[in-house]
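# Structural description and commentary
Listed below are the residues making up each chain.
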Amino acid sequence: MRRGRGSWWPRSRFRFEGLDRYLSAAGAVVTVAITLTVALSTGVAPKDLKLALDFCIGLLGVVIVLQLEALVRVSERARKREQYANLLDYLEEYPVLLPILTKLSEATVTTMSQTKVPEFKDNARRLLTATQLSMRALAEGRWLSPPGDNSLMFAHYETVKRSVRAVTDDSDTDWWRSATGKRYLELNKAAAGRKVCVQRVFLLSHPPTPETLKAIDDNVGHDVHVLVARSDQVDPELRVNITMFDDKLVHEDIVNRDGLTVSYMYSENETDLDRCASLFSRLCSRATPYSGPASANGLFAT
């Protein structure tokens, strides 16, 4: 039977923690009581009683330290038991994880226990940490993929129902002329043919070259509603490269300090979706509908 979150293991931890506040005080009272009982029953003199009390205080400190150490051990054991219980829950919910985690654990333990090269252990720890971070990102609705991997974006162009909202810039001019770019345009046209509203803002860092104008005109020719804006006249946070599908999934280029794309992020995280939707709306309010080369060149007329 599957253990729920109300199983006895997690509750045992709270029972232990509920006793923490009482054990030290109880130990102190018991230590003082025993010392005074022994001292008074033997009829010792006041001077000797003071010595006994000093000894009691020292003994009390030792008792408290031992109790605190015991509490830490009990709490740690309860925490591990809770982790074991959660692990069993996960495995029972998704049995497919069992062989994967078993092989991963076996390989990790073998490496840590048998290798004589310290760097191998370090690499094992780095791999485990990287895997943990990647899985945590997925749990939060985000997936980081290598730059240039457009497979997920292409797949969503084939299933999008209502809208595609995108932002690109003139640094991608050559990409639009590549085989991937041409396939991308065909997917845009196919989506528009299914009555999907496809919008794209082109950010221009300088007067458009003939190649950039050709890329923009190709988008228009594939039924994309195009707007143009000068990148130096919009807020820095609006200078993004994103594509949103039905406001349910966003693709975003992650860039380094030099402006180079280092990875793609695909996200269904509500925070990311709201942020990108807001960025797109703000950018559209600063952009100009594209009606031909004059509308793009006119951005740089003054």
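Everything below is about the structure printed above this text.
Each chain has its residues counted from 1, following the order in which its sequence is written. Restriction of local features to residues with pLDDT of at least 70 applies here, the model being predicted, together with a cutoff of 80 or more for giving and counting side-chain atom pairs; totals for whole chains, interfaces and linings are based on all residues. Derived side-chain values reflect all non-hydrogen atoms in the structure, with water molecules and hydrogen atoms excluded from consideration.

### Topic: the overall build of the protein chain
Helix and strand labels come from DSSP, where a helix needs a run of H or I of at least four residues and a strand needs a run of E of at least two; each type is numbered from the N terminus. Counting its secondary structure elements, the protein chain contains ten helices and eight strands. Out of the 302 residues belonging to the protein chain, those deemed buried represent 34%. Long-range pairs, those at least 24 residues apart, make up 73% of the contacts in the protein chain with a sequence separation of at least 6. A 1.4 Å probe and the Shrake-Rupley method give the accessible areas. Residues count as covered only by the protein chains that appear here. Approximately 18,900 Å² of the protein chain is accessible, and the part contributed by carbon and sulfur atoms is 61%. Partly exposed residues are those whose accessible area sits between 20% and 50% of the maximum for their type, while under 20% is buried and over 50% is exposed, using a 1.4 Å probe and protein chains only. Contact between two residues is taken to exist if any of their heavy atoms lie within 4.5 Å; hydrogens are not considered.

### Quick look at the side chain of Asn-188
Relative to the helices and strands, Asn-188 is located in helix α7 (residues 179–193). The term polar contact refers here to a pair of N or O atoms within 3.5 Å; inside protein, the definition further demands a hydrogen-donor-capable atom paired with an acceptor-capable atom, and it admits residues adjacent in sequence only when both atoms are side-chain atoms. Of the polar contacts made by the side chain of Asn-188, one reaches the side chain of Tyr-157; its length is 3.3 Å. Within polar-contact distance, the side chain of Asn-188 engages the side chain of Arg-200 at 3.1 Å. Apart from residues lying up to four places away in sequence, Asn-188 is in contact with Tyr-157, Val-198, Arg-200, His-222 and Val-224.

### Focus: the nonpolar core
In this text, buried Ala, Val, Leu, Ile, Met, Phe, Trp, Tyr and Cys residues form a nonpolar core when linked through side-chain atoms within 4.5 Å. Formed by 29 residues in total, the largest nonpolar core has its most connected members in Tyr-157 and Val-228. At the level of elements, α5 (151–157), α7, β3 (197–204), α8 (210–221), β4 (225–230) and β7 (261–267) are the ones that each hand at least two residues to this core. Broken down by element, this core gets its largest block of residues, five residues, from α7. Sequence-distant contacts of Val-228, that is, excluding residues within four places in its chain, are made with Phe-202, Leu-204, Ile-216, Ala-287, Thr-288, Tyr-290, Ser-295, Ala-296 and Leu-299.

### A look at the packing of helix α3 (residues 97–114) against helix α4 (residues 118–139)
Interaxial angle, 0 to 180 degrees, is taken between N-to-C directions of lines fitted to C-alpha atoms, where a helix line uses only the stretch in contact. Between α3 and α4, whose axes approach to 9 Å, the crossing angle comes to 155°. When the axis of α3 is compared with that of α4, the two are roughly antiparallel. The way α3 lies across α4 gives a crossing that is left-handed. Contacts between α3 and α4 involve Leu-104, Thr-108, Thr-111 and Met-112 from the first element and Phe-120, Lys-121, Ala-124, Arg-125 and Leu-128 from the second. When residues are sorted by character, Ala, Val, Leu, Ile, Met, Phe, Trp, Tyr, Cys and Pro go into the nonpolar class, Asp, Glu, Lys and Arg into the charged class, and all the rest, Gly among them, into the polar class. Counted by class, the contact of α3 with α4 contains five nonpolar, two polar and two charged residues. Throughout, the term roughly parallel applies to angles under 35 degrees, roughly antiparallel to angles over 145, roughly perpendicular to angles from 65 to 115, and oblique to all others. What makes a crossing left-handed is the near helix being turned counterclockwise from the far one by less than a right angle; a clockwise turn instead makes it right-handed.

### Some points on the sheet that holds strand β1 (residues 142–145)
Strand pairing is defined by DSSP finding a minimum of two bridges between the two strands. Read from one edge to the other, the open sheet built from eight strands follows the order β1-β7-β6-β5-β2-β3-β4-β8, with strand pairing classed as mixed. With one partner strand each, in any of the chains shown, β1 and β8 (288–289) form the two edges of the open sheet. Pairing geometry for strand β2 (residues 163–169) and β3, over seven bridges, is parallel. Residue pairing across strands places Val-164 opposite Val-198, the latter belonging to β3. Docked against the sheet, α7 engages β3 and β5 (242–245), running at close to 140° with respect to β3.

### Thoughts on unusual backbone geometry
You will see that Lys-195, though not glycine, has its phi angle at about 70°, which is positive. You can see Lys-195 is positioned in the loop between α7 and β3. In the Ramachandran plot, Asp-223 falls in the positive-phi region, its phi being about 65° despite a non-glycine side chain. Exposure remark for Asp-223: the relative accessible area of 39% places this residue in the partly exposed category.

### A closer look at the packing of aromatic side chains
Any pair of Phe, Tyr and Trp rings, taking the six-membered ring for Trp, is counted once the centres come within 6.5 Å. Such a pair is stacked with planes under 30 degrees apart, edge-to-face with planes over 60 apart, and tilted for the rest. Scanning all chains against the criterion turns up eight aromatic pairs. Taking the centre distance of 5.2 Å and the plane angle of 70° together, the rings of Trp-175 and Tyr-184 count as edge-to-face. On the basis of relative accessibility, which here comes to 25%, the residue Trp-175 falls in the partly exposed class. Centroid distance Trp-176 to Phe-202: 6.0 Å. Interplanar angle 35°. Geometry classified as tilted. You can see Trp-176 sitting in helix α6 (residues 173–177) and its partner Phe-202 sitting in strand β3, a full 26 residues away along the chain. With a relative accessible area of 2%, Phe-202 lands in the buried category.

### Points about the pattern of salt bridges
The working definition used for a salt bridge is a side-chain nitrogen of Lys or Arg within 4 Å of a carboxyl oxygen of Asp or Glu. On inspection of all chains with the given rule, the structure shows 13 salt bridges. Between Arg-79 and Glu-76 there is a salt bridge, and its shortest N-O distance comes to 2.4 Å. Here Arg-79 and its partner Glu-76 are both found in helix α2 (residues 46–93), three residues apart, which amounts to about one turn of the helix. Residue classification places Glu-76 among the partly exposed positions, given a relative accessible area of 30%. Across the salt bridge formed by Arg-230 and Asp-232, the nearest N and O atoms sit 2.9 Å from each other.

### Some words on the environment of Leu-185
Within the fold, Leu-185 resides in helix α7. By relative accessible area, Leu-185 is classed as buried at 4%. Along the sequence, Leu-185 and Asp-223 sit 38 residues apart, while their C-alpha atoms lie 9.3 Å from each other. Excluding its chain neighbours within four sequence positions, the residues that come into contact with Leu-185 are Trp-176, Asp-218, Asn-219 and His-222.

In short, geometric facts, not functional conclusions.
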